[in-house]
Amino acid sequence: MTKKIKAAIVGATGYAGAELVRLLVTHPMVEISGLSSVSFEGKEICEIYPNFKKIGLPTLTDADHAIEDADVVFASLPHGLSEPIAEKCAESGALLIDLGADFRLESEEEYSEWYKKTFDKPTLHEGAVYALPELFREKIKDAKIIANPGCYPTAAALALYPALKNGFIEKSGIIIDAKSGVTGAGRSLTQTTHYPEANESISAYKVGAHRHTPEIEQTLSYAAGEKINLVFVPHLLPVNRGIEETIYARLATDKSIDEIRQAYVDFYIDEQFVRIEPSGVSAQIRNVTRSNYCDISVHVDKRTNTLILCSCIDNMVKGAAGQAIQNMNIYFGFEEDCGIDMLPAGF
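Keep in mind that what you see is a predicted model, and the values were worked out from it rather than measured. Along each chain, residue indices are assigned from 1 in the same order as the chain's sequence is written. A pLDDT threshold of at least 70 governs which residues receive local features in this predicted model, and a stricter bar of 80 or more applies before side-chain atom pairs are shown or counted, although totals over entire chains, interfaces and linings include all residues. To obtain the side-chain values, all non-hydrogen atoms of the structure were used and water was disregarded.

Quick look at the pairing of strand β14 (residues 306-313)
To keep it simple, the criterion reads: Between buried and exposed lies partly exposed: a residue is buried under 20% and exposed over 50% of the maximum accessible area for its type, with that area taken using a 1.4 Å probe on protein chains only. Helix and strand assignments follow DSSP, with helices taken as H or I runs no shorter than four residues and strands as E runs no shorter than two, numbered in order from the N terminus. When DSSP finds two or more bridges between a pair of strands, those strands are recorded as paired.
For β14, a buried count of eight out of eight residues is recorded, marking the element as mostly surrounded by other parts of the structure. Following strand β13 (residues 294-301), the chain reverses through four residues before pairing antiparallel with β14; asparagine 305 in that reversal takes a positive phi of roughly 55 degrees.

Some points on the sheet that holds strand β3 (residues 60-61)
Read across the sheet, seven strands follow the order β3-β2-β1-β4-β5-β7-β6 without closing on themselves; strand pairing throughout is parallel. In this open sheet, the two strands that pair with only one neighbour each are β3 and β6 (128-130). Two elements, strand β1 (residues 5-10) and strand β2 (residues 30-36), share six bridges in a ladder whose sense is parallel. By the bridge assignment for β2, isoleucine 9 is matched with leucine 35.

Topic: the packing of aromatic side chains
Formally: Paired rings are identified among Phe, Tyr and Trp, the last through its six-membered ring, by centres lying within 6.5 Å, and are further divided according to the angle between planes into stacked (under 30 degrees), edge-to-face (over 60) and tilted (the rest). Lysine NZ or arginine CZ positioned within 6 Å of the ring centre and within 35 degrees of the ring normal marks a charge as sitting over the ring.
As enumerated under the stated definition, the model contains twelve aromatic pairs in all. Plain terms: the ring middles of tyrosine 152 and phenylalanine 232 are 5.2 Å apart, the flat faces sit at 70 degrees to each other, and that makes the pair edge-to-face. Placement of tyrosine 152 in helix α8 (residues 151-165) and of phenylalanine 232 in strand β10 (residues 231-236) is noted, with a sequence separation of 80 residues between them. The same class applies to tyrosine 152 and to phenylalanine 232, which are both buried. Pairwise contacts between aromatic rings join Tyr130, Phe136, Tyr161, Tyr222, Phe267 and Tyr268 into one cluster. The ring of tyrosine 222 carries lysine 139 above its face, with NZ or CZ at 5.9 Å from the centroid. In this structure, arginine 275 packs its charged tip against the face of tyrosine 293, placed 4.1 Å from the ring centre.

Any functional reading would require information beyond the geometric quantities listed.
So, in structure tokens, the structure goes:
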């Protein structure tokens, strides 16, 4: 049997970090060699997440100790904190998979505009690959740093890429109406995610100003062959996890709905984790929960000549930890679904 690789998780007690732990524990090719947490250093992770009792995981420590001897380091940190980890990985030869935003945007100008920071170590960014597997698989194999896509951008790109690539829609006027469960806001409590505020309600937030906007536009510009600008409005759903995006774009083709849908089927025919719904069926969050799948449904409003796409993922799996492991599998030459082939709960 091939020797297991050693994996460290920096930021292991956030929701995405804990999801990485949950999935990597049963990965047949991985040994979790280190876990770090600023807030809980010195504790056992089962003290924070009792579901990890009797698993025998490393004690939470600082990042430097956690990443010692690791072959792959997952950084599940707020933006602005991953570059020092990346530098240490470059020195040790470990692969960094960054679940934050530090390496997602190619343009330092855009990063500065949206995140109010500059690239502190620009040379590191030259070896970074934006790693949405279904679209950029070959680049991942030679990456020095893997920039794991954001959750909203993953659902949006997988839904819109075939339409733009095939010229089915106009390149302006695209609207993404997105909804996410509260885990997308992270583990720290805020008034917005406080139970009485979020329950029995739905609300838009960061309207016209969400930081995932330039990331979505960057990916879709590759498909369109020119700069794409779009409207992106996220909403908070009173559920733990899951993203549903309803996307509107003006049609630029006279192809029928069946022809467009078939083009989607053909585009993703070899992609295990993307499923195109049958005609007349809308994608639903519950059918992807706790899985690495993205479900997409294709619809047309003939009266307004509008293509309507519904895209659903689990924001903690395909939108974060699961996709990070999928990227790891590609890089190390494992079976792509290794450790992430679980089926959705469905209810």
